[in-house]
Amino acid sequence: MKRAPLYRILTLLVVLVCCVLANREGWFDHIDHVLTDHRMATRAMPASGEIVLLEIDNKSLSAIGVWPWKRSIYADILDKAFKAGAQELAFDIDFSSSSTPDEDQAFAAALEQAEGPVTLAVFQQFATSSMEAGEQRFNRPIASLATQAWLATVNVIADSDGYVRSFPLAQTIGDELLPSLTSSLSGYQEIVEKQQIINFNINPDTIPTYSVIDLLEGTLPERALDNRKILVGAGAAELRDTMAVPVFGVLSGPQLQVIAAENLLQGTNVHQAPERWTYGLMLLLLLPMGLILLLRKFNSYGRLAGLFALAAGVEYLGFTLYADHHRLLDTAMIQATILMTGVALTLTEVGFKSVLLNLSHKHGQSISDLLDTIVTDSLTGIVIVDSERRILSVSQQAQQTFARLGYDAHKGALMEQSIPSEFGSKIRECLDKIHWHHNGQSTHLLEIKRRGGRRVYEYSITPSSIAPDGDEQQEESKVVTLLFHDITDVYLEQKRLAYIADHDPITNLYNMQGFCNQIEETSSSEAALDTTIILACQGRRIEKVNQMLGPDYVESLLRQIGQSLIALQQFDCIGCCTNRKTFLLAKRNASPSDMHALAEMVQACLDAPFDVRGHSIMVGSQIGGARFDSATMKSATDLTNAAIIALDHAQETGEDCTVYSTSLAADVQRKRFLENEIPGAFKREEFELYYQPQVDLKTEEPVGCEALVRWNHKELGLIRPDHFIPILEETGKIVELGHWLLRTACSQAMSWPKPVPVAVNISAVQFQRSNILEEIEEALAFSGLPHDRLHIEITESLFIADPEAVLEQLTAIRNRGIKIALDDFGTGYSSLSYIHRFPLDKIKIDRAFVKDLPYSADSMAVINAVTALAHGFDMKIVAEGMENQQQADVLRVAGCHQGQGFLFGKPMKSDQFASYLSLSTTVSAEGKQRQIG
């Protein structure tokens with residue numbers, strides 16, 4: 001060993017020092033990443049299935065047709081997911097900006113009523129020109145959503161090479177430490193602010209993944225979401241929520257979150273081994289490496305084999321630490337030391353100088369061959385043309401593309417004969433102005449039309465200068481490089497989505513968004529809008545057509561109406577909101593007097609019969625019109641909303657045409673204000689019950705009462721029922737109010753000193769949207785009130801939608817001993833036809849027939865007819881709205897059994913009504929009222 005060449009040891013030491021220095025500079029980071037990726041790929045395992053990914057994919061985008069989605073769609077997702085058995089739900093979606101108040105309220109209500117925990121995402125804003133250095137901003141969900149859900153961060157930071165390899169377990173947002181969405185999904189309990197390395201051994205293809213639209217349309221496999229955690233996030237490429245990752249190349253953001261969560265769920269999360277482990281292992285390997293280099297029994301091949309065995313052993317150790325102990329050991333520095341030692345020794349022994357010389361001669365040709373191979377095999381269309389307009393190099397992709405267009409492009413061919421003229425003209429232009437283009441490049445679109453159709457390409461052209469090979473006297477040659485991609489499918493899909501976003505799917509007219517955009521584009525200023533008139537019209541009998549013939553006939557009818565309005569040739573823009581069955585019509589450069597003339601044209605158009613599949617349909621019309629008012633309107637959207645407000649008023653009042661005014665807007669604004677206040681009214685318990693006595697007209701003794709609801713608003717005070725009951729019915733909240741009303745009325749009635757019945761009004765909407773019999777039974781069981789003390793009051797509107805179903809429900813209610821009264825009799829539909837058919841115990845004559853007594857002969861005739869009919873069917877008659885003794889006397893003589901009105905008592909709270917009942921039966925009703933105030 002004394003005579004062994006020491007240069008081998010010196011070589012090892014020099015290589016070791018160089019590798020240590022290079023490692024500290026991060027030169028081996030990429031190699032370490034490659035080795036780690038390989039270890040993870042060889043230990044692939046499936047997902048646990050406990051987390052399900054609901055993707056907003058192309059199928060969902062195409063089905064819904066617009067993006068961003070309405071908040072009510074997310075509310076629907078939330079509701080249906082929990083109904084499908086989901087354990088909890090998380091949204092990897094940005095809710096930091098407000099939508100419309102109605103949409104935000106719908107989603108907030110859904111979050112509040114969710115059957116399980118819901119997590120919303122917090123996003124970190126990256127640096128912008130408006131942010132100071134070091135400043136961090138975060139996009140949190142809007143307050144109305146954030147207060148109803150858990151919050152979690154979804155930020156992941158890519159390494160310097162652009163790959164995402166870790167995620168934070170938690171992150172401080174302001175003064176609050178929030179868990180990451182990954183920690184939340186996995187149920188990880190420790191909330192600490194540190195980075196966790198992602199183990200990419202979970203195969204993303206094994207993650208249970210479904211399309212959001214399948215959930216919304218009810219086509220998910222049975223029990224697909226049962227007792228699982230659900231993540232809703234973007235999967236469509238157009239939404240650009242993708243990240244570069246090891247092993248798999250590219251994953252969507254939600255897929256990455258699920259894989260990281262699976263690490264924590266399955267206990268496969270990994271940790272980086274301390275750097276001292278790498279240096280310690282390197283020191284341990286110096287002894288065997290020294291022996292291999294110094295022992296004479298090893299020849300060159302033996303030494304290389306020994307070094308290779310050491311390298312394999314190091315990698316086996318790294319793999320074992322990862323597989324069994326979830327530790328990532330950086331081995332690139334060690335492998336580089338072993339490799340470079342072997343290379344250095346080999347180069348020394350074969351003659352280092354001769355190798356360098358040989359490499360020098362081949363360098364130029366190798367680079368040229370390499371570049372030519374890269375161009376030829378590229379998946380991008382590439383063509384390089386010199387100043388003589390000859391092709392220097394062309395990729396196979398470009399050759400195939402040009403061949404489909406009838407051109408044969410190959411190396412050495414003239415450009416004019418080998419590529420389409422559309423591309424050729426761009427290259428010639430660049431060659432002619434080559435000195436103008438040295439400062440960069442940009443992409444452009446180019447459309448090429450041929451008999452077989454048209455194709456759209458995205459391309460860029462880059463000029464370059466090539467230095468001469470070994471001849472410094474020769475001038476640099478000029479070349480142009482064309483790069484292009486066929487983006488026809490993407491381009492057409494973008495056009496299709498843009499069309500869907502702006503057009504109604506039934507009529508192919510503009511939808512409201514497209515209609516307003518079109519008005520804005522053609523009206524460059526408020527001055528241009530000043531002369532614009534917009535009409536909003538709807539078929540008066542369109543809902544009856546829907547009820548009698550069905551939605552398919554309505555869609556055909558809407559298409560015919562749209563074509564008829566276009567045929568008028570009086571409007572500059574026409575749109576349709578299918579969900580409202582409303583047409584929008586715009587006329588520019590119109591005078592104020594044109595409003596009624598245009599409305600009359602539209603009315604005449606819709607009054608004409610439409611032939612729909614053999615049915616002659618007379619649809620009629622109701623119209624709302626608006627003219628731009630710069631004091632209250634700023635955009636075409638404001639003007640369109642004004643026309644819709646006018647239409648809504650026309651429908652409420654039954655008018656043929658209503659013109660928008662500021663007072664009309666105030667009424668609508670009040671209605672919208674009340675609509676927004678209703679959810680808070682339930683929380684604040686602002687609804688109150690009052691009871692108005694019903695007395696026997698012969699004895700004037702109380703025989704019952706009617707429960708009347710009042711809204712005592714925190715700011716507005718008492719609000720009339722006719723102002724808020726219609727809103728409750730439109731929004732469906734009447735069901736919730738009706739449930740409360742039944743329970744409260746029955747409970748309070750149990751506290752009264754006399755067992756008089758209580759009559760509760762049941763809305764037709766409540767009847768249709770709930771199991772009314774079940775709610776009645778629940779209220780009676782809760783309060784202990786006997787069945788015969790509960791009366792329900794219904795109106796004639798209940799009989800219209802589904803008479804047979806209503807008859808069955810009313811019969812079941814009456815069979816349980818609950819009496820049924822028909823309220824507001826004579827003011828609705830064909831009233832007399834319902835008396836003999838439905839199980840009724842009482843008829844209540846509306847106050848409209850009582851108020852003019854005893855002086856109205858017409859009212860008296862109606863009352864006599866009703867009493868005669870009711871006596872024939874053995875029904876009680878209750879007259880409402882009695883205010884004086886004359887009315888009571890006339891109605892008693894006419895045959896009315898009971899009376900209700902201010903004559904006998906105003907509506908009063910439960911304790912006051914109890915006092916009313918406690919007074920002696922010998923005291924007159926009028927005297928009772930005075931005594932209780």
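Everything numeric in this text was worked out from a predicted model, so none of it was measured.

J.: Even after reading the chapter, I still don't get the pattern of salt bridges, so can you show me in this structure?
T.: Proximity of charged atoms lets side chains of opposite charge pair with each other. Within this structure, the stated rule accounts for 30 salt bridges. The partner of Arg389 in a salt bridge is Asp432, with the nearest N and O atoms 3.8 Å apart. Remark: Asp432 occurs in helix α16 (residues 421–432) and Arg389 occurs in the loop between β16 (381–386) and β17 (391–394); sequence separation between them is 43 residues. We classify Asp432 as exposed; its relative accessible area is 53%.

J.: Please explain the UniProt feature "transmembrane region" (unreviewed entry) in the protein as it appears in this structure.
T.: This chain's UniProt record puts "transmembrane region" (unreviewed entry) on residues 277–295 and 304–322. A distance of 27 Å separates the end C-alpha atoms of residues 304–322, which is 100% helix and 0% strand.

J.: Honestly, the environment of Val385 in this entry has me stumped. Any pointers?
T.: You can see Val385 is positioned in strand β16. C-alpha of Val385 to C-alpha of Ile427: the two residues are 42 residues apart in sequence and 8.2 Å apart in space. Other than its neighbours up to four places away in sequence, Val385 contacts Arg390, Leu392, Met415, Ile427, Lys478, Val479 and Val480.

J.: How do you make sense of the pairing of strand β28 (residues 687–696) when you look at a structure like this?
T.: Two faces, one strand: in a regular strand the side chains alternate between the faces of the sheet. When you tally the buried positions in β28, you get nine out of ten residues, the bulk of the element. Bridge count between β28 and strand β29 (residues 702–713): nine bridges; the pairing is antiparallel. Across the sheet, residue Glu688 finds its bridge partner in β29, namely Arg710. Here β28 folds back onto β29 in antiparallel fashion, the turn holding five residues, of which Glu700 has a positive phi close to 55 degrees.

J.: Whenever I open this one, the environment of Phe767 confuses me. Can you help?
T.: By the element assignment, Phe767 lies in helix α27 (residues 764–769). For Phe767, a relative accessible area of 3% translates into the label buried. If we ignore the near neighbours within four places in the chain, the residues touching Phe767 are Ile762, Ile772, Ile794, Leu798, Gln809, Leu810 and Ile813.

J.: Sorry, what's going on with the nonpolar core here?
T.: In summary, soluble globular proteins display a tendency toward joint burial of nonpolar side chains. Ranked by size, the top nonpolar core spans 78 residues in total, and within it Trp752, Val758, Leu790 and Ile794 carry the most contacts. For this core, the leading source of residues is helix α26 (residues 734–749), giving eight residues. Once residues lying within four places of it in the same chain are set aside, the contact partners of Val758 are Tyr691, Cys705, Ala707, Ala745, Ala749, Trp752, Leu785, Arg789, Leu790 and His791. By size, the runner-up hydrophobic cluster in this structure holds 42 residues, among which are Ile77, Ile173, Val212 and Val232.

J.: Looking at this structure, how should I read the packing of helix α4 (residues 71–83) against helix α5 (residues 101–112)?
T.: Two quantities define a packed helix pair, namely the angle between the helix axes and the distance between the axes. Axis separation between α4 and α5 bottoms out at 7 Å; the angle between their running directions is 15 degrees. Classified by the angle their axes make, α4 and α5 are roughly parallel. Considering only the axes of α4 and α5, their crossing is left-handed. The residues of α5 that touch α4, namely those facing Arg71, Ser72, Tyr74, Ala75 and Leu78, are Glu103, Asp104, Ala106, Phe107, Ala110 and Leu111. Of the residues assigned to the contact of α4 with α5, the class counts are seven nonpolar, one polar and three charged.

Each value, and the rule that gives it
Residues numbered from 1 in each chain as written. Predicted model: local features only at pLDDT ≥ 70, side-chain atom pairs only at ≥ 80, totals over all residues. Heavy atoms only, no water. Salt bridge = Lys/Arg side-chain N within 4 Å of Asp/Glu carboxyl O. Helix = DSSP H or I, 4+ residues; strand = E, 2+ residues; numbered from the N terminus. Buried < 20%, exposed > 50% of the residue type's maximum accessible area, 1.4 Å probe, protein only. UniProt positions renumbered as here; feature names shortened; annotations may be inferred. Contact = heavy atoms within 4.5 Å. Pairing = 2+ DSSP bridges. Core = buried A, V, L, I, M, F, W, Y, C linked by side-chain atoms within 4.5 Å. Axes fitted to C-alpha atoms, helices over the stretch in contact; angles between N-to-C directions. Parallel < 35°, antiparallel > 145°, perpendicular 65-115°, else oblique. Left-handed = near helix turned anticlockwise from the far one by under 90°. Nonpolar A, V, L, I, M, F, W, Y, C, P; charged D, E, K, R; others polar.

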